[in-house]
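For reference, the chains in residue letters:
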Amino acid sequence: MTVIYFTDGALIDDCLIRRSLLRIPEVIDSLRKSQDEFIGCDLFAAMNETQVYRSLNYHQKTHLKSILQNALFRRWMKNGIEPDLILKRNDYSHFYELTQVFQKLSTIDTLKVVTIGPGFDDLESFLRLRLKLNSKPINEFISQDPHLNWFWNEIRSSLELHS
């Protein structure tokens, strides 16, 4: 069973992450198409400059994260794999609600969770430590994509050093 899991996209707040996402054609295309939705703000400037990003209000930042994650999901869909289930972190007000879903899913023999982030999430440790899943059930989409992992692995390792 393939589960697509959208994280809350918290790492998108990091300017280095946003700049790196601009290397992805689907992201660029989505930003161009969505530019009209952000009156008085250049989305490409918001992706590149911390001050411009910080000037966005909460709803604009949330919408931008959604645009970016949907672009990553469209890229993943080009693999030709149809997901069995799609879960979004923001659909659950508490992590407990999300864990309830994954406790039920953990009984499935071939559970594969593909995260659409970017972001680190406490779900992986929950699956490994609490549910005792031995295999690596979480697969981060960006690091799996052979056309994206060349820059993402370096960014991910530098972020892990700082966290």
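Remember, predicted model here, so these are calculated numbers, not experimental data. (Residues numbered from 1 in each chain as written. Predicted model: local features only at pLDDT ≥ 70, side-chain atom pairs only at ≥ 80, totals over all residues. Heavy atoms only, no water.)

Visitor: For this particular structure, what's the right way to read the pattern of salt bridges?
Guide: Opposite charge on two side chains lets them pair, provided their charged atoms get close. If you walk through the whole model with that rule in mind, you get four salt bridges. For Arg 75, the salt bridge is made with Glu 26, and the minimal N-O distance between the two is 2.8 Å. Taken together, the positions of Arg 75 in helix 5 (residues 58–77) and Glu 26 in helix 2 (residues 25–34) put the pair 49 residues apart, joining distant regions of the chain. Judged by its relative accessible area of 12%, Arg 75 falls in the buried class. Relative accessible area serves as the criterion here: at 10%, Glu 26 is assigned to the buried category. (Salt bridge = Lys/Arg side-chain N within 4 Å of Asp/Glu carboxyl O. Helix = DSSP H or I, 4+ residues; strand = E, 2+ residues; numbered from the N terminus. Buried < 20%, exposed > 50% of the residue type's maximum accessible area, 1.4 Å probe, protein only.)

Visitor: Explain the environment of Asp 29 here, please?
Guide: Within the secondary structure layout, Asp 29 lies in helix 2. Classification of Asp 29 by relative accessible area gives partly exposed; the value is 35%. Placed 42 residues apart in sequence, Asp 29 and Ala 71 show a C-alpha to C-alpha distance of 8.3 Å.

Visitor: Whenever I open this one, the nonpolar core confuses me. Can you help?
Guide: Nonpolar side chains in soluble globular proteins tend to end up buried together. Leu 21, Val 27, Leu 31 and Leu 64 are the most contacted members of the largest nonpolar core, which has 29 residues in total. At seven residues, helix 5 tops the list of elements feeding residues into this core. Contacts of Leu 21, omitting those with residues within four sequence positions, involve Ile 12, Val 27, Met 47, Leu 68, Leu 72, Pro 118 and Ile 142. Formed by 11 residues, the second largest nonpolar core is a distinct cluster that contains Leu 87, Leu 105, Leu 111 and Leu 123. (Core = buried A, V, L, I, M, F, W, Y, C linked by side-chain atoms within 4.5 Å. Contact = heavy atoms within 4.5 Å.)

Visitor: Help me out: how do you make sense of the packing of aromatic side chains in this one?
Guide: Each pair of aromatic rings is reported with the distance of its centres and the angle of its planes. Evaluation of the coordinates by the stated rule reveals three aromatic pairs. Centre to centre, the rings of Phe 6 and Phe 73 are 5.7 Å apart; their planes meet at 55°, and the pair counts as tilted. Residue Phe 6 is located in strand 1 (residues 2–6), and its partner Phe 73 is located in helix 5; the two are separated by 67 residues in the primary sequence. Its relative accessible area of 16% is what places Phe 73 among the buried residues. (Phe/Tyr/Trp six-rings, centres within 6.5 Å; stacked < 30°, edge-to-face > 60°.)

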